[in-house]
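# Reading the structure
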Amino acid sequence: METLYNYFLQSTGISIDSRNIHAGCMFIALKGPSFNGNTFAGKAIENGATYAVVDEKEFEDVPNNIFYVENGLHFLQKLANYHRRQFDIPVIGITGSNGKTSTKELIAAVLSEKYTVLATKGNLNNHIGVPLTLLQLNDQHEIAVIEMGANHFGDIKELCDIAEPTHGIITNIGKAHLEGFKNFEGVLKTKKELYDAVEANEGLVMYNADDTLLKENLPINTLLMSYGTKNAEITGTLERLTPFVELSWKKAGYQSPVFATHLVGQYNFYNFLAAIAFGALFEVEPEKINKAVQTYEPTNKRSQVAETKSNTLILDCYNANPTSMRSALESFAQIDHADKYVIIGDMLELGGESYKEHHAIIDLIDDLGLTGWTVGSEFSYFHSDGITNHFSNTQEVIAFLKTSPLNKKLILLKGSRGIGLEVLEEYL
C-alpha cells in the first residue's frame, strides 16, 4: 500500500472511468455486472494516465506502470482510508433516510464561511463515491463533510470504516430502501452504525432533540450536541412557509433575526437547524451562519422552486420514500396558496411494503384535502377523492397537458428518481 500510495501522491488524482482521464492521474480498474475496467487499463494509459491499477493477472507487470492488486474496489477503499489517516481534521459523517444531501450541502455552506471544506459532490455517497471524495483531501482542507448512503445491512459501517468520522449526524430514520433492509428495524440498525463509529473514534454526535427515535438510540459514551425547537443547545422557530422557509434561531447569548431562505418545506427547517448547530459548534460567527443559510440555493431538484409562464412549481423529484413523501405533502398542505396541486410519482424500492405504503399516501392526500394526479403503476391500484387523474408514465402526463394545461397553480412534484417527474417542468 505504501508504494502505491506514494504513486498516488505523485499523480494528479484518481479516475475510475477510462473515458474521463486527466493527464497524470492514477486509473483504478473496477468491475461490475456489465463492465470490466481492466480491459480499459491500456487505453487509460494511452489517454494520459500515469499509472493504472488492475485486478486481473494478465496485466501484471505489463507495462511497468500497471500494477496488480487482488481487488480493485477494495484497493480504492483502502487507499482512501490510508489517505484519510494522513489528516488530523474533523470528518463529519452524515446519513439518514431523508434530507442527508440537503443537510450536507447546508453544513458545508455554513462551515465554508470560516474554513476550507471538502464535501461530497452531489450524492456520491456509496462505497465508491465516499472513497473518491476522501481521496480529494489536500493540505488546504480543514474539515471534511462526508455523506453516507445505505441500501443494505452494513453499508454505513463499511463507509465509516473508510472515512473514520470524528463527528456524526443522522438526519432521521424512516422508511427508505425497505427492499434492501426488509423492515424498519433493519434501517434503524444500519443507520446507527454511524453513531457506533463516532463513539469508537471518541467523537461527537449531533442530534435532533425533537426526534424521539434518535434520542432513544443515542450512544452512551460520546459527546453530544442537540438542536430542535426546545430543550436543545441550538433552538429554532419556523416562522413562516411562504412557501420558502422563514426561521429564527438562538443559542446562549445570541438571538437571530427572522430571515428567509431559498428552500421550501417544513422538513427543511430541521436541515437548516443542523447546519446552524454545526456552525455554532465550530465557532462560525452567527452573522456568517445567517448569511450562508439565507443565500444557499438548491440546484439538484430537491426542494427547488421554479416559476414557469403558467405556474409555480416545487420540484422535489430527485427521490421519494414513505417518510419523505409524507413530510412533503404535510408541509405542502400548510402553505397558504389559493390553488394548490400535487403531482406525485411512485416510491420505488419498497419491496413487499409497496402496496401498503402507497395506499397510506393516498389516504393522506384525502386527509389533507389535497388535489392532484399520480404517476406510475404502484399508485394505479387506489381510488381517491383528491386524485383526479392517474397516469402510467410522464409521457401520458405530457400528452394530457398539451390539451388540458394547468394555470396559476402552486404545484408540488414529488416522486422517486426513476419516475422522472422533472421532465414535466417544461409543460407546466
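Higher on the page you've got the structure.
Cut-offs used in this document
Residues numbered from 1 in each chain as written. Predicted model: local features only at pLDDT ≥ 70, side-chain atom pairs only at ≥ 80, totals over all residues. Heavy atoms only, no water. Helix = DSSP H or I, 4+ residues; strand = E, 2+ residues; numbered from the N terminus. Rg over C-alpha atoms; globule rule 2.2 N^0.38 Å. Buried < 20%, exposed > 50% of the residue type's maximum accessible area, 1.4 Å probe, protein only. Contact = heavy atoms within 4.5 Å. Areas by Shrake-Rupley, 256 points an atom, 1.4 Å probe, with all protein chains shown as cover. Lys, Arg positive; Asp, Glu negative; His and termini not counted. Charge placed at Lys NZ, Arg CZ, Asp CG, Glu CD. Pairing = 2+ DSSP bridges. Axes fitted to C-alpha atoms, helices over the stretch in contact; angles between N-to-C directions. Expected span 1.5 Å × (residues − 1). Polar contact = N/O pair within 3.5 Å; in protein donor to acceptor, adjacent residues only side chain to side chain. Core = buried A, V, L, I, M, F, W, Y, C linked by side-chain atoms within 4.5 Å.

### Regarding the overall build of the protein
Scanning the protein for helices and strands turns up 15 helices and 22 strands. Computed over its C-alpha atoms, the radius of gyration of the protein comes to 23 Å, within 12% of the 22 Å expected for a compact globule of 428 residues. For the protein, the spread of C-alpha atoms along the three principal axes comes to 70 × 55 × 40 Å. Residues classed as buried in the protein amount to 55% of the 428 residues present. A fraction of 62% describes how many contacts in the protein between residues 6 or more apart in sequence connect residues 24 or more apart. Carbon and sulfur atoms provide 46% of the accessible area of the protein, an area that totals close to 18,800 Å². Both charge centroids of the protein, one from 35 positive and one from 53 negative side chains, sit 3 Å from each other.

### Quick notes on the sheet that holds strand β5 (residues 51–54)
Within a sheet, adjacent strands bond to each other through the backbone by hydrogen bonds, running parallel or antiparallel. Strand order in the open sheet made by the 4 strands is β1-β2-β5-β6, with parallel pairing throughout. Each edge of the open sheet carries a strand with a single partner, namely β1 (14–15) and β6 (66–68). The pairing of β5 with β6 spans 3 bridges and is parallel. Counted as the bridge partner of Val 53 is Phe 67 from β6. Sitting on the sheet, helix α1 (residues 2–10) is in contact with β1, β2 (26–28), β5 and β6, with an inclination near 125° to β2.

### Quick look at helix α13 (residues 322–334)
Since the α-helix packs 3.6 residues into each turn, any two residues three or four apart lie on the same face. Taking 1.5 Å per residue, 13 residues should reach 18 Å; α13 reaches 19 Å between its end C-alpha atoms and fits that length. The N-capping residue of α13, defined by a side-chain oxygen 3.0 Å from the backbone nitrogen of Thr 323, is Asn 321.

### A look at the nonpolar core
With 61 residues, the main nonpolar core has Ile 92, Leu 111 and Leu 329 as its most contacted residues. Ignoring anything within four residues of it in the chain, the contact list for Ile 92 reads Ile 107, Leu 111, Ile 143, Ala 144, Val 145, Ile 146, His 167, Phe 278 and Phe 282. Residues Val 130, Leu 188, Ala 197 and Leu 218 belong to the second largest nonpolar core, which totals 45 residues.

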